[in-house]
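Spelled out, the chains give:
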Amino acid sequence: ELKVEQNPLFLSMQEGKNYTIYCNYSTTSDRLYWYRQDPGKSLESLFVLLSNGAVKQEGRLMASLDTKARLSTLHITAAVHDLSATYFCAVDSIGNTGNQFYFGTGTSLTVIP
Amino acid sequence: DAGVTQSPTHLIKTRGQHVTLRCSPISGHKSVSWYQQVLGQGPQFIFQYYEKEERGRGNFPDRFSARQFPNYSSELNVNALLLGDSALYLCASSWGATVTEAFFGQGTRLTVV
């Protein structure tokens, strides 16, 4: 079964600091997704990474994908309180008839003023 | 344009009862997937339906079933509820069976007492 691991699970950081969340997965895949979830809310799509070496940036967040290492990173630059949320990475498994997402356990980020 | 809508938003049921959750995908989307998210964990895949046919099934007991209607809306049914079924149930909508973008609804919070 495809496994997706994130670390750290919990992250408390001060405003203005930089940090990286790591996502490892256990099988070959060229597609990696990052989602944000606020408490009690649904999943908001942040990034879709579709090839080795893909890098995408939106505001203070930047995601990258290394399919050979089966690793994706989500880098946070100069964190602000609004970034406090839980972040999930997901890998999809494409079968003959459809695809399903395998999610990591999530990283709960708290940005402290 | 309406997003993915799920109903009800919250539900409390007693052990042993049956529950039906509903999902309406984004207009034009033909695929609906269901995920279960237990508190503190990442979502887990339950089912995918495309063009009214089951395209994928996760590792869930037979108490879980689903179907998709001609208008592409979907129902998730759970029989003989257990306390462990308490979770946020998320519906994801996409236009095709194998896609790189899925849009999630706000979820149904099911509490089994």
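Criteria and thresholds
Residues numbered from 1 in each chain as written. Chains lettered and ligands numbered in written order. Predicted model: local features only at pLDDT ≥ 70, side-chain atom pairs only at ≥ 80, totals over all residues. Heavy atoms only, no water. Salt bridge = Lys/Arg side-chain N within 4 Å of Asp/Glu carboxyl O. Helix = DSSP H or I, 4+ residues; strand = E, 2+ residues; numbered from the N terminus. Buried < 20%, exposed > 50% of the residue type's maximum accessible area, 1.4 Å probe, protein only. Contact = heavy atoms within 4.5 Å. Polar contact = N/O pair within 3.5 Å; in protein donor to acceptor, adjacent residues only side chain to side chain. Nonpolar A, V, L, I, M, F, W, Y, C, P; charged D, E, K, R; others polar. Pairing = 2+ DSSP bridges. Axes fitted to C-alpha atoms, helices over the stretch in contact; angles between N-to-C directions.

## Focus on the pattern of salt bridges
Residue and element names in this part refer to chain B.
- Enumeration according to the criterion identifies eight salt bridges over all chains in this entry.
- Across the pair Lys 30 and Glu 51 runs a salt bridge whose closest N-O atoms are separated by 3.5 Å. Here Lys 30 is found in the loop between strand 3 (19-24) and strand 4 (31-37), whereas its partner Glu 51 is found in the loop between strand 5 (44-50) and strand 6 (53-57), with 21 residues between them in sequence.
- Residue classification places Lys 30 among the partly exposed positions, given a relative accessible area of 30%.

## Here's the deal with the interface of chain A and chain B
- Contact residues are listed per partner, giving 20 residues for chain A and 19 residues for chain B.
- Linking chain A with chain B are zero salt bridges, by the criterion used here.
- Our count for the contact surface shared by chain A and chain B stands at four residue pairs in polar contact (both at pLDDT 80 or more).
- When contributions to the side of chain A that touches chain B are tallied by element, the ones reaching two or more residues are strand 4 (32-37), strand 5 (43-49), strand 9 (85-94) and strand 10 (99-103) of chain A.
- Per-element accounting of the side of chain A that touches chain B gives the leading share, four residues, to strand 10 of chain A.
- For the side of chain A that touches chain B, the per-class residue count stands at nine nonpolar, eight polar and three charged.

## As for the sheet that holds strand 3 (residues 19-25) of chain A
All names here are of chain A.
- Taking strand neighbours across the sheet as the criterion, the five strands line up as 1-3-8-7-6 in an open arrangement whose pairing is antiparallel. Where the open sheet ends on each side, the last strands, each with one partner, are strand 1 (4-7) and strand 6 (55-58). On average, each strand axis in the sheet is tilted by 15 degrees relative to the strand beside it, whichever way the strands run.
- As paired strands, strand 1 and strand 3 are joined by four bridges and run antiparallel to one another. Bridge pairing in strand 3 places Gln 6 opposite Cys 23.

So far we have only geometry, and geometry alone does not tell us how the molecule works.
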